[in-house]
Amino acid sequence: MFKLFKKASLLGLLVLSMVAPAGFAASDSPVLDRVIDFKVLKVGMSGNQPPMNTNSRSGQPIGYDVDLARALAGAMGARLEIVTMPFGELLGALDADKVDMVMSGMAITPERTRNHTFVGPYMMSGKSILTKSSVLAQAASADDFNRSELKLAALAGSTSETFIQSAAPEATLVAVKDYDAAIQMVIDGEIDGLVADMPICVLSVLRYPNAGLATLKSPLSIEPFGIAVSKKDAQFANLVDNYLDTYGKMGVLAKLRKKWFEDKSWIAALP
């Protein structure tokens, strides 16, 4: 994998050299200027969305988002600094210049795009449900969740929360700050299910094979994941878009997807 990101970084640096030759003056891009001046790329993540981003048992950040962020930082000649916080606080941190971008399995939506620029998508996902109920695990549509007796959890501030509010208003919504707590609530029978992106649900079934968990065979919706950057910095957004487009054409994104979604050996590194 080191060779993959060494090549990715060199490729990104080549693109950067074409976009902004050495010795150029300060631009109208405050984020890009900050990254260049301080040699640090600050990326906001929840740190609790495996396989997109999480911490290993040794406390090291791992995941698809982490690898991609590391490649982007290397392409910019910067050190990667991952800033973790609850998912619902990430865009606020971007607005406050506490991070340079948000990369945390965040779906591109019209509502979010009103106030932020999204680069991508860098992968596609969709909604599913993690449950111990054989009935819910066979749901054919979101209408099957719209029952007053159901308690469904979702990550606060996520599109999963919005999904429950719009598609299953009769159900009781339980907003959670992180997935680990919600997954344990499903296992303990405190809630009927966790609505989340398909990768989270599939991974949870694999991670807890004896807990009686199940999920849908196919997602109920399709959602594009993108990188959120400041709406006021088109130059920085364009640079990130150039890198992302190049990584897609060179097969870097495909290799990341294979590593984190097809090869399950990394699960052993989780706490």
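Preceding this section is the structure that the text describes.
Now for a look at the structure at hand. (Residues numbered from 1 in each chain as written. Predicted model: local features only at pLDDT ≥ 70, side-chain atom pairs only at ≥ 80, totals over all residues. Heavy atoms only, no water.)

Let's shift gears to helix 7 (residues 179-187). Listing the buried residues of helix 7 in full gives Tyr179, Ala182, Ile183, Met185, Val186 and Ile187. Where helix 7 is buried, its residues meet strand 7 (127-131), strand 8 (151-155), strand 9 (172-176), strand 10 (193-197) and helix 8 (198-207). Two or three places before Asp180, at the start of helix 7, stands the capping residue Asp178, its side-chain oxygen 3.2 Å from that residue's backbone nitrogen. (Buried < 20%, exposed > 50% of the residue type's maximum accessible area, 1.4 Å probe, protein only. Helix = DSSP H or I, 4+ residues; strand = E, 2+ residues; numbered from the N terminus. Contact = heavy atoms within 4.5 Å. Polar contact = N/O pair within 3.5 Å; in protein donor to acceptor, adjacent residues only side chain to side chain.)

Tallied over the full model, the rule gives 3 cavities of 30 Å³ or more. Space inside the largest cavity adds up to approximately 60 Å³. Phe87, Gly105, Ser158, Thr159 and Asp197 are the residues nearest the centre of the largest cavity, which is lined by 15 residues in total. At the level of secondary structure, the elements contributing two or more residues to the lining of the largest cavity comprise helix 6 (159-167) and strand 11 (223-230). Among the residues making up the lining of the largest cavity, the classes are represented as 6 nonpolar, 5 polar and 4 charged. (1 Å grid on protein atoms, 1.4 Å probe; cavity = no way out; pocket = protein on both sides within 12 Å on 5 of 7 lines; lining within 4 Å. Points joined across faces, edges and corners; volume = space filled by probe spheres on them. Nonpolar A, V, L, I, M, F, W, Y, C, P; charged D, E, K, R; others polar.)

With that out of the way, let us pick up the pattern of salt bridges. Counted under the stated rule, the structure contains 8 salt bridges. Taking the shortest distance from any N to any O, the salt bridge between Asp197 and Lys127 comes out at 3.0 Å. Of this pair, Asp197 sits in strand 10 while Lys127 sits in strand 7, and the two are 70 residues apart along the sequence. Given a relative accessible area of 1%, Lys127 falls into the buried group. Close ionic contact of Lys249 with Asp245 constitutes a salt bridge, the shortest N to O distance being 3.1 Å. Of this pair, Lys249 and Asp245 are both found in helix 9 (residues 234-249), 4 residues apart, which corresponds to roughly one turn of the helix. A residue is classified by how much of its surface remains accessible, and Lys249, at 67% relative accessible area, is exposed. (Salt bridge = Lys/Arg side-chain N within 4 Å of Asp/Glu carboxyl O.)

Our next topic: the packing of aromatic side chains. If you walk through the whole model with that rule in mind, you get 3 aromatic pairs. Geometrically, the ring pair formed by Tyr64 and Tyr122 is stacked, given 5.8 Å between the ring centres and 25 degrees between the ring planes. Highlighted residues: Tyr64 in helix 3 (residues 64-75) and Tyr122 in strand 6 (residues 116-125), separated in sequence by 58 residues. Of the residues examined, Tyr64 reaches a relative accessible area of 1% and is grouped as buried. Taken together, a centroid distance of 6.1 Å and an interplanar angle of 70 degrees make the contact between Tyr64 and Phe261 edge-to-face. Of this pair, Tyr64 sits in helix 3 while Phe261 is found in helix 10 (residues 252-262), placing the two residues 197 residues apart along the sequence. For Phe261, a relative accessible area of 15% translates into the label buried. In textbook terms, an aromatic cluster arises when at least three aromatic residues are bridged by ring pairs, as seen for Tyr64, Tyr122 and Phe261. Its end group placed over the ring of Phe261, Arg257 keeps NZ or CZ at 4.8 Å from the ring centre. (Phe/Tyr/Trp six-rings, centres within 6.5 Å; stacked < 30°, edge-to-face > 60°. Lys NZ or Arg CZ within 6 Å of the ring centre and 35° of its normal.)

Nothing here speaks to function; it is all geometry.
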